[in-house]
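# Structural description and commentary
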Amino acid sequence: MDENQLSRGTKAWWWVAGVVVIVYALFPVAWIVSLSFKTPSDLATLQFLPTNWVWDNYDNILRGDAQDLFLSALRNSVGISLIATFISVVLATFAAYAIARLDFPGKRLILTTALAVAIFPVISIVTPLFNLWRNIGLYDTWPGLIIPYLSLTLPISIWTLSAFFRQIPWELEQAAQVDGATTWQAFRKVIVPLATPGVFTTAIISFFIAWNDFVYGISLTSTEAARPVPAALAFFTGASQFEEPTGAIAAAAVVVTIPVVILVLLFQRRIVSGLTQGAVKG
Amino acid sequence: MAAITLKDINKRYGDGFHAVKDVSLDIADGEFVILVGPSGCGKSTLLRMIVGLEDITSGELRIGDQRVNEKAPRDRNLSMVFQNYALYPHLTVYENIAFPLRLAKTPDKEIDERVRRASDLLELNEHLERKPANLSGGQRQRVAMGRAIVREAQAFLFDEPLSNLDAKLRGQMRTEISRLQKRLGITTVYVTHDQVEAMTLGDRVVVLRRGVIQQVATPRELYENPVNLFVAGFIGSPPMNFISATVTGDSLHTPFGEWKLPSSRTVDLSGHEVVLLGARPEAFEDASVVSDTVREHGVVFDATIDVIEWLGNEQYAYVPYEAPEDIRAQLAELERELDSEALRTQLVVALDASSRIPEGTPASIWLDLRRVHVFDPESGENLTVSALAQRGEAEPNQPAATGDGRRPAPGPGTTDQPATASGSATESGEAPATS
Ligand SMILES: Nc1ncnc2c1ncn2[C@@H]1O[C@H](COP(=O)(O)OP(=O)(O)OP(=O)(O)O)[C@@H](O)[C@H]1O
Ligand SMILES: [Mg+2]
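Residues numbered from 1 in each chain as written. Chains lettered and ligands numbered in written order. Predicted model: local features only at pLDDT ≥ 70, side-chain atom pairs only at ≥ 80, totals over all residues. Heavy atoms only, no water.

## Comments concerning the sheet that holds strand β5 (residues 66–67) of chain B
Residues and elements named next belong to chain B. To keep things clear, this is the line we draw: At least two bridges found by DSSP between two strands are what make those strands a pair. Each helix is a run of DSSP H or I of at least 4 residues and each strand a run of E of at least 2, with the numbering of both proceeding from the N terminus.
Overall, antiparallel pairing links the four strands, which are arranged β2-β1-β4-β5 in an open sheet. Of all strands in the sheet, those with a lone pairing partner are β2 (18–27) and β5, marking the two edges. Pairing analysis gives six bridges linking strand β1 (residues 4–12) to β2, with the strands arranged antiparallel. Within the sheet, the bridge partner assigned to I4 lies in β2 and is I27.

## Regarding the interface of chain B and chain A
Stated formally: We call two residues in contact when some of their heavy atoms are within 4.5 Å. By definition, the buried area sums, over both parts, the 1.4 Å-probe accessible area that each loses when the two are put together. A pairing counts as a salt bridge when a side-chain nitrogen of Lys or Arg comes within 4 Å of a carboxyl oxygen of Asp or Glu. Polar contact is defined as a pair of N or O atoms within 3.5 Å, subject to the rule that within protein one atom must be able to donate a hydrogen and the other to accept it, and that residues adjacent in sequence are counted only when both atoms are side-chain atoms.
Tallying the contact residues gives 25 residues for chain B and 24 residues for chain A. In this assembly, chain B packs against chain A so that about 2,200 Å² is buried in total across both faces, 61% of it on carbon and sulfur atoms. For the salt bridge of B:R147 with A:D179, the shortest nitrogen-to-oxygen distance reads 3.4 Å. Our count for the contact surface shared by chain B and chain A stands at seven residue pairs in polar contact (both at pLDDT 80 or more). Elements represented by at least two residues in the side of chain B that touches chain A include exactly α1 (43–51), α2 (73–76), β6 (78–81), α3 (93–103) and α5 (137–149) of chain B.

## Brief notes about the environment of B:L157
Residue and element names in this part refer to chain B. Stated precisely, the cut-off is as follows: Only protein chains enter the accessibility calculation, which uses a 1.4 Å probe; a residue is then buried when its area is under 20% of its type maximum, exposed when over 50%, and partly exposed in between.
Here L157 lies in strand β7 (residues 155–159). The class of L157 is buried, set by a relative accessible area of 0%. For the pair formed by L157 and S291, sequence separation is 134 residues and the distance between their alpha carbons is 48 Å.

## Quick look at the packing of helix α3 (residues 67–101) of chain A against helix α8 (residues 183–212) of chain A
Residues and elements named next belong to chain A. Rules: Orientation is described by lines fitted to C-alpha atoms, with helices fitted over the stretch in contact, and by angles between N-to-C directions that extend from 0 to 180 degrees. Any angle between 65 and 115 degrees counts as roughly perpendicular, while under 35 counts as roughly parallel, over 145 as roughly antiparallel, and the rest as oblique. Throughout, a crossing is termed right-handed when the near helix is turned clockwise from the far one, and left-handed when it is turned anticlockwise from it by less than a right angle. Amino acids are sorted into nonpolar (Ala, Val, Leu, Ile, Met, Phe, Trp, Tyr, Cys and Pro), charged (Asp, Glu, Lys and Arg) and polar (every other residue, Gly among them).
With their axes 8 Å apart at the nearest point, α3 and α8 run at an angle of 140° to one another. Classed by the angle they form, the pair α3 and α8 counts as oblique. Classified by chirality, the crossing of α8 by α3 is right-handed. Judged by residue contacts, L74, S77, V78, S81, L82, T85, S88, V89, T93, Y97 and R101 of α3 engage F187, I191, V199, T202, A203, S206, F207, A210 and W211 from α8. When the residues that make up the contact of α3 with α8 are grouped by side-chain class, the tally is twelve nonpolar, seven polar and one charged.

## Looking at the side chain of A:D179
Note on placement: A:D179 falls in the loop between α7 (170–178) and α8. A distance of 2.9 Å separates the side chain of A:D179 from the side chain of B:Y88, its partner in a polar contact. At 3.4 Å, the side chain of A:D179 forms a polar contact with the side chain of B:R147.

## Examining the side chain of B:N382
All names here are of chain B. Considering the arrangement of structural elements, one finds N382 in the loop between β21 (373–375) and α12 (383–390). Classification of N382 as buried rests on a relative accessible area of 1%. N382 has contacts with P226, V227, N228, H373, V374 and F375, leaving out every residue within four places of it along the chain.

## Here we look at the site of ligand 1
Residue and element names in this part refer to chain B. Keep this limit in mind: We call a residue near a given molecule or strand whenever any one of its heavy atoms falls within 4 Å of it. The method behind every accessible area is Shrake-Rupley, applied with a 1.4 Å probe, and residues are considered shielded solely by the protein chains displayed.
As a matter of local geometry, ligand 1 sits amid 13 residues, with S39, G40, K43, S44 and T45 nearest to it. Within the backbone of G42, a nitrogen or oxygen atom sits 3.0 Å from an oxygen atom of ligand 1. The separation between an oxygen atom of ligand 1 and a polar side-chain atom of H193 is 3.4 Å. Burial of ligand 1 by the protein amounts to 64% of the accessible area it has alone, namely 630 Å². A per-element tally of the shell around ligand 1 places α1 first, with three residues.

## As for the UniProt feature "domain: ABC transporter" (unreviewed entry) in chain B
Put simply, the test is: UniProt positions are given in the numbering used here, feature names are shortened, and annotations may be inferred rather than shown by experiment.
Under the present numbering, the feature "domain: ABC transporter" (unreviewed entry) in UniProt falls on residues 4–235 of chain B. Helix and strand shares over residues 4–235 of chain B are 38% and 25% respectively, and the end C-alpha atoms of the span are 25 Å apart.

## A closer look at the UniProt feature "transmembrane region" (unreviewed entry) in chain A
Residue and element names in this part refer to chain A. In the UniProt entry, the feature "transmembrane region" (unreviewed entry) is given for residues 12–33, 78–97, 109–133, 145–165, 190–211 and 248–267. With 100% helix and 0% strand, residues 12–33 has its two end C-alpha atoms placed 30 Å apart. With 100% helix and 0% strand, residues 145–165 has end C-alpha atoms that lie 29 Å from one another.

## A short note on the sheet that holds strand β11 (residues 241–248) of chain B
Two modes of strand pairing occur in sheets, parallel and antiparallel, and in both the strands are linked by backbone hydrogen bonds. Residues and elements named next belong to chain B. One open sheet accounts for five strands, arranged β13-β12-β11-β14-β21; its pairing is antiparallel. Either end of the sheet is taken by a strand with one partner, and the two such strands are β13 (257–260) and β21. Going from strand to strand, the sheet's axes swing by 40° on average, the running direction of each strand aside. In this structure, β11 lies alongside strand β14 (residues 274–279), joined through six bridges in antiparallel fashion. Pairing of A245 across the sheet is with V275, part of β14. Those strands touched by helix α11 (residues 325–338) are β11 and β14, and its axis lies near 50° from that of β14.

Structural data, given as structure tokens:
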């Protein structure tokens, strides 16, 4: 809808609604940011802003006692999520291309299976997986997490990408072939550039899913060898036995949010749709 | 540049649909051939088989002197303009045009030269750095043309390239394509279902119906000597009038009276009880403006005109009449198939612009019987044309094609047809008269 066509009254309402949603969504984030700057004694005061702004919590997780726990977890999270995303996007690109372009028996089966896998509750397979992984030696390793993450990211990747590929006019590929391209050249020079925004969108979604996972992360790891950040947060301890590690957890939460924000900002431009506009008669 | 030869080409789609049936066609080097027919008759399928995007089920396709059935599109060296242009949205106009050259690994300098030459020709110079999304329909169409002409292809193939443009632009681009083709002299196959394009652009026109070739002829031949009801109804606007007639001896009993064909148009009517007479609107005239010298070549009958459309240079009068039920059903069927203009049981009569017959009154109308065709209602065959052919008077339907054999365009149902008013003109544009 055209903004200019909205009456001023409607516009005001949209603003109010927008602000309400933003406050609702961002208030907890702001609370955590504020927590991460508080001193331990300040934590229980229930006031929004810290009385003293201190970097102690960050110091703690990045250089202090929690350093080992947090930095290795960060490394695991980044590595595992990136690898899972990469594999999932590559596989999903080929699968979705085939689904969108080719007619083959079992096409619907693939899509419905993907959907079925996606709606299967994680919690119900984590126990059998735990036993299996222990037996075959995948427990507490990177592949031991990457494989279950693929089961989360692949279905959604295949679905989004095949929807995206379907929008790319088939004729472009044929035009390229008539212009002298091989099938591979047509794919690489025409389809891939057009599909890039879709691939990026899918990659980001996949990365978030892997990055945010908690259940697999806590169940299938036991040491710093593979434990990702969301699971590691649960293992934080306070400076003393009687202190809650709230400040450290808040600081870690803020730190792990940063890559996500950066990713979105970086690829925001790439996620614009409508790149195929103008290929055909408009 | 090369000739294209199709021999008994068939296409069966995966679902068993037989879309193209036994098509044989010789397209000469440099010739401009048009494929026309109603929607779904297999025009695109045929074109896509030539370019290699669709497998040929059976038959042989030769380009130049090579069989190309098994070759991939890129090995056939043809260029094609798609109906919706299929421009690459992520590339600039320049890169779109350069695309085939880049694939062929042409040196940059030559690419630049050729792209500039094409863009000069198509007046795209100021748009070279823009993206297709920001161009107008006509500009996109020209970019698609540019991509097609930039390399030295053996032939151009067009699939309804103008159907997405508005009427005015279509007219302009039509002339543009015609000029370009003459200038480059490249063999061209052009698919359209617009009959103005069909009549004005091509050296020869191929009329397709349900995957079967009906007639291959010059536009003039097609207009004047259609081989069957389908072609007769498809070509011409307003379409040919069909009047049912019962046969008694050699006289024809029509809703407008008893008619007898002149000796030059006689056909063997034995074995036919009912025939359909076909007459183009311009074969009729207001009896009062027909000069005495030609009056004897036709018949005069009375009819009530219910509507008159005055167009300045001529006028169309509509004369409703009653037709037998089965004939009416057949005409309705034909109309459905042609999905073009209505073929009601009414006559559309082109009258001289000076004629002053008022609407809604009985008028005296003259019909030039030398321009009447007799059709077999069952098979749809044009008996007049076959009779003429037997007597060796009609042009053969598939004349040796020459690339430069262009003819002045007789636009269907337009003014190009010599005014029928002054009788002397009726002689022209008719199948050769007998001596
Ligand atoms: N992939 C396909 N599978 C099965 N049948 C098809 C396929 N493509 C086309 N057809 C059928 O083949 C026939 C010819 O199609 P085609 O596209 O050649 O028609 P056309 O003459 O180009 O029509 P239009 O003027 O509407 O473009 C149609 O009846 C259509 O239903
Ligand atoms: Mg078509």
